[in-house]
Amino acid sequence: MEEPVVAERFAVGQSVRRVEDPRLLRGLGRYSDDVTLPRQAYAAVVRSPHAYAGVRAIDASGALKAPGVVAVLTGADLAADGIGNLPTDPTRKRRDGSPAFATPRAALARDRVRHVGDPVALVVAETREEAADAAELVAVDYEPLPALAGAADATRPGTPAVWDESPDNVAFVWEAGNADAVAHALEGAAHVTRLDFVVTRVAAAPLEPRAAVGEYDRRTGRYTLHTGVQMPHGVRNLLAEQVFRVPQTQVRVVSGDVGGSFGMRNGVYPELVLVLWAAKRLGRPVKWTSDRREGFVSDEHGRDNVSTVELGLDAAGRFVGLRVAITLNVGAYLTPRSAGSGTNNVGGVAGVYTTPAIHVRTTGVFTNMTPTGPYRGAGRPEATYAIERVIDVAARELGVDPIELRRKNLIPASAMPFKTGLVFTYDSGDFARGLELALARAERDGFEARRAEARGRGRLRGLGVAYPIEVAGGPYTAVNPDTAMLRVNPDGSVTLFAGSTSMGQGNETAFAQIVCERLGVPPGRMQVAWGDSDALGAGRGNGGSGALTVGGSAVLRVTDRIVDRGRRIAAQLLEAAPDDVVLRDGRFLVAGTDRGVTLAAVARAAYQPRRLPAGMEPGFTETAAFTPPAVTFPNGCHVCEVEIDEETGRVHIVRYVVVDDVGRMVNPMLVKGQIHGGVVQGLGQALFEQLAYDADTAQLLTGSFMDYPIPRADDVPLFEVGAHEVPTRVNPLGAKGVGEAGTVGALPALVNAVNDALAPLGVRHLDMPLTSARVWRAVQDARGGAPGGSG
């Protein structure tokens, strides 16, 4: 992909600059904490300092006497008002097929707290500072109980139970594939590689902390929630039906500008319930804003699983069977988002390879840790890591080139559509071409010379390859179809109401490109609105790399409906047949002539009943919905090259190449930005990000940016991103999705590169995070003859 340039034409396929940036860069964005309402009060949450404890009593007398305090609310108050629990996941099963335990989770804990940060009381005061000060005066009498930290120990005999109703700490069991066929394949394989690995727990750490403002209108009985969420309609539905038990029309959710989510803002959090409940109870709006320390224990965490993968190969090096066992740490509560990372997206473990027999079993386990949920990739990076890492280990064991091993097992383009050995049928893709493009760009043929040169400088050099394929933008039954409404105003200006939201990735620009190209309207005469559940009856929101593939397709469909309506009005004005009228560059023309009328003229006529065709109602507004018939499969090849300083263990990423197939690109510059950001988040987890807990107390040890590092500019190289467009037919745009693509490939590419650098020392596998200390220790162990890289 060439460096983006500013296009003269605002159209699909052009690298136009983001239309939202001038507003955001000048500080004119409207984020959740920017919402300030008349008579607004401020809330602070009192949270448990214990990972597991009984709650004997709560004494709020001291806090109630503090300056500015309006109220101190507890779980008893919440129950007395009949507020329902937060949603859980009733669809999951235990190993024997019986229903999994649906963990009850009130917005304020009453009898027990089950993780550090569990909310126990809400303090409301006149100012933010007064609320925070008073929260420290709430005295809670706790009875500490033995706590559990870590998935690996969750099911061992004698381990404390997080829930009495689930004494073995198993939250659910899910499996897919043919277990018998895989067992048979592995038994008959010429070689089986087995690898145990850990995918660490991480924080989403968006630029904007979570915040919420709740208001309640006593005249209408309506709740309004202002907060940054990915799916406003979905959150509205859950709040109305399961928490407040009111009709959906009584709840409105408004999401403005959002400073990043990555899956974390994807459901109903306790604080969303609390500000709405408090607003009704107190008769005034209530605002809550998280600080960073609070966010580390209350925002849903990502990843966190312990897995075993087994790959069987025949004598010719062809994959014959793959078995993966995943232990997924869901934390203290089973939410609607807990299991998805270990179930919905693990089909990607098949990779881009012809493996005929695959089986995956995921066991979700409870721990006394913050609940986990989707985080950029949401199971896709974990699945890709399993297959791409075990391929490298197998190649090392067999003494063959890992690239050649991949080539031998790639699905050919001629095989499309291809039914994998697990869950998915790929509709399109040319994986061999993508691999060769990436290797050429990364100059892989010259790598051994670069490795030798680095060795002369006392550096260990390694090269890692990963070829991820992911599922994106599918017809999820639990998610609304995406909807778009387009209105051409009487002066010819245009307003789009999108069901898809934006978390900062540039959807406002991409949607405008689709509409402006089709209608011939300059971007300055167009407004894009989203995030208000009152504006549209339904909306999918944002998630699963589907905002453009699904939401953009709804935008394209509604634009076509506007064009069709405009053609009929223009035909009336031009005294022509509608079939003879075409729209070109903002003018409706009679085909084969120079007779025409502008879109603005048609818009004026649209609001004048006497100028309309017989039977047409006045107005120039259309609505359309789009539900994709199938998922899409973005894919691409990542090549990472690293150098390691033997004396310090520091990993230096010297080069990173990506060639991605994301289908048709609406805006190549936005695509490149998404890939950059995704790669950085994947590299950060592989290098040093980890939410570490004390094994005995389940206390979070990395609860601030003093202890939890995230990548900085000097930690990563300038990325080289190339495009390999293979459009899909699943949606009218031909797009496949890009939001998670970078992260999915970065995790295994970097770990493969570091392990390749360490391999000459005899290191078989070193788990993430690849911190300087861990890498240095692996080098020292290898030099001393001790087993290297046990993880």
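Residues numbered from 1 in each chain as written. Predicted model: local features only at pLDDT ≥ 70, side-chain atom pairs only at ≥ 80, totals over all residues. Heavy atoms only, no water.

Colleague: Got a minute to help me understand the sheet that holds strand 27 (residues 651-661) in this structure?
Modeller: Pairing is mixed in the open sheet, where four strands are placed in the order 18-26-27-28. One side of each edge strand has no neighbouring strand; the edge strands of this open sheet are strand 18 (459-466) and strand 28 (720-723). Between one strand and the next, the sheet's axes are offset by a mean angle of 10°, whatever the strand orientation. Two elements, strand 27 and strand 28, share four bridges in a ladder whose sense is parallel. For Val659, the partnering residue across the bridge sits in strand 28 and is Gly722. (Pairing = 2+ DSSP bridges. Helix = DSSP H or I, 4+ residues; strand = E, 2+ residues; numbered from the N terminus. Axes fitted to C-alpha atoms, helices over the stretch in contact; angles between N-to-C directions.)

Colleague: Sorry if this is basic, but what is going on with the pattern of salt bridges here?
Modeller: A side chain with one charge can pair with a side chain of the opposite charge if their charged atoms come near. A complete count under the given rule lists 58 salt bridges for this structure. As a salt-bridge pair, Arg396 and Asp756 come within 2.9 Å of each other at their nearest N and O atoms. Of this pair, Arg396 sits in helix 10 (residues 380-398) while Asp756 sits in helix 18 (residues 741-758); the two residues are 360 residues apart in sequence, bridging distant segments of the chain. Owing to a relative accessible area of 12%, Asp756 belongs among the buried residues under this scheme. Linked by salt bridges that have partners in common, Arg450, Glu453, Arg457, Arg461, Glu641 and Glu643 make up one network. (Salt bridge = Lys/Arg side-chain N within 4 Å of Asp/Glu carboxyl O. Buried < 20%, exposed > 50% of the residue type's maximum accessible area, 1.4 Å probe, protein only.)

Colleague: What exactly am I supposed to notice about the sheet that holds strand 15 (residues 358-366) here?
Modeller: Strands belonging to one sheet form pairs held by backbone hydrogen bonds; the direction of such a pair is parallel or antiparallel. Read from one edge to the other, the open sheet built from five strands follows the order 7-15-14-13-8, with strand pairing classed as mixed. Of all the strands in the sheet, just strand 7 (170-177) and strand 8 (191-202) have a single pairing partner and so form its edges. Each adjacent strand pair in this sheet contributes to an overall mean axis angle of 10°, direction not counted. Here strand 13 (residues 302-313) pairs with strand 14 (residues 319-331) via nine bridges, running antiparallel. Bridging across to strand 14, Val309 finds its partner in Val324.

Colleague: Whenever I open this one, the packing of aromatic side chains confuses me. Can you help?
Modeller: This model, assessed by the stated rule, comprises 13 aromatic pairs. Considering the side-chain rings of Phe319 and Tyr353, the 5.7 Å spacing of their centres and the 75° angle between planes classify their relative orientation as edge-to-face. Taken together, the residues Phe319 in strand 14 and Tyr353 in the loop between helix 9 (340-343) and strand 15 connect sequence positions 34 residues apart. Tyr353 carries the same exposure label as Phe319, and that label is buried. (Phe/Tyr/Trp six-rings, centres within 6.5 Å; stacked < 30°, edge-to-face > 60°.)

Colleague: Explanation requested: helix 15 (residues 547-574) in the structure shown.
Modeller: Note: α-helices contain 3.6 residues per turn, so residues at a spacing of three or four share the same orientation. Look at helix 15: 38 Å from first C-alpha to last across 28 residues, which is about the 40 Å you get at 1.5 Å a residue. By the criterion of burial, helix 15 is predominantly enclosed, with 20 of the 28 residues buried. Looking one or two places after helix 15, you find Glu575, whose phi comes out positive at around 55°. (Expected span 1.5 Å × (residues − 1).)

Colleague: Can you walk me through the packing of helix 17 (residues 668-687) against helix 18 in this structure?
Modeller: The geometry of a pair of packed helices is captured by two quantities: the angle between their axes and the separation between those axes. Axis separation between helix 17 and helix 18 bottoms out at 7 Å; the angle between their running directions is 40°. Between helix 17 and helix 18, the angle is such that the two are oblique. As for how helix 17 packs across helix 18, the hand of that crossing is right-handed. For the pair formed by helix 17 and helix 18, the contact residues are Ile675, Gly678, Val679, Gln681, Gly682, Leu683, Gln685, Ala686 and Leu687 on the first element and Gly742, Thr743, Ala746, Leu747, Leu750 and Val751 on the second. (Parallel < 35°, antiparallel > 145°, perpendicular 65-115°, else oblique. Left-handed = near helix turned anticlockwise from the far one by under 90°. Contact = heavy atoms within 4.5 Å.)

Colleague: Just checking my understanding: could you explain the packing of helix 14 (residues 507-519) against helix 15 for this structure?
Modeller: Running from N to C, helix 14 and helix 15 cross one another at 25°; their axes reach a closest spacing of 10 Å. Our classification of the angle between helix 14 and helix 15 gives roughly parallel. The crossing of helix 14 and helix 15 is right-handed. Note on element contacts: helix 15 touches helix 14 through Ala547, Leu548, Gly551, Gly552, Val555, Leu556, Thr559, Asp560, Ile562 and Val563, opposite Asn507, Ala510, Phe511, Ile514, Val515, Arg518 and Leu519. Of the residues assigned to the contact of helix 14 with helix 15, the class counts are eleven nonpolar, four polar and two charged. (Nonpolar A, V, L, I, M, F, W, Y, C, P; charged D, E, K, R; others polar.)

Colleague: Teacher, can you tell me more about unusual backbone geometry here?
Modeller: Residues apart from glycine generally show negative phi values, whereas peptide bonds are mostly found in trans. Here Met416 and Pro417 are connected by a cis peptide whose omega angle stands at -5°. Within the element layout of this structure, Pro417 appears in the loop between helix 11 (402-409) and strand 16 (418-419). Here the residue pair Met768 and Pro769 is connected by a cis peptide bond, since its omega of 0° sits within 30 degrees of zero. Unusually for a residue other than glycine, Phe262 sits at a positive phi of about 65°.

Any functional reading would require information that these geometric values do not contain.
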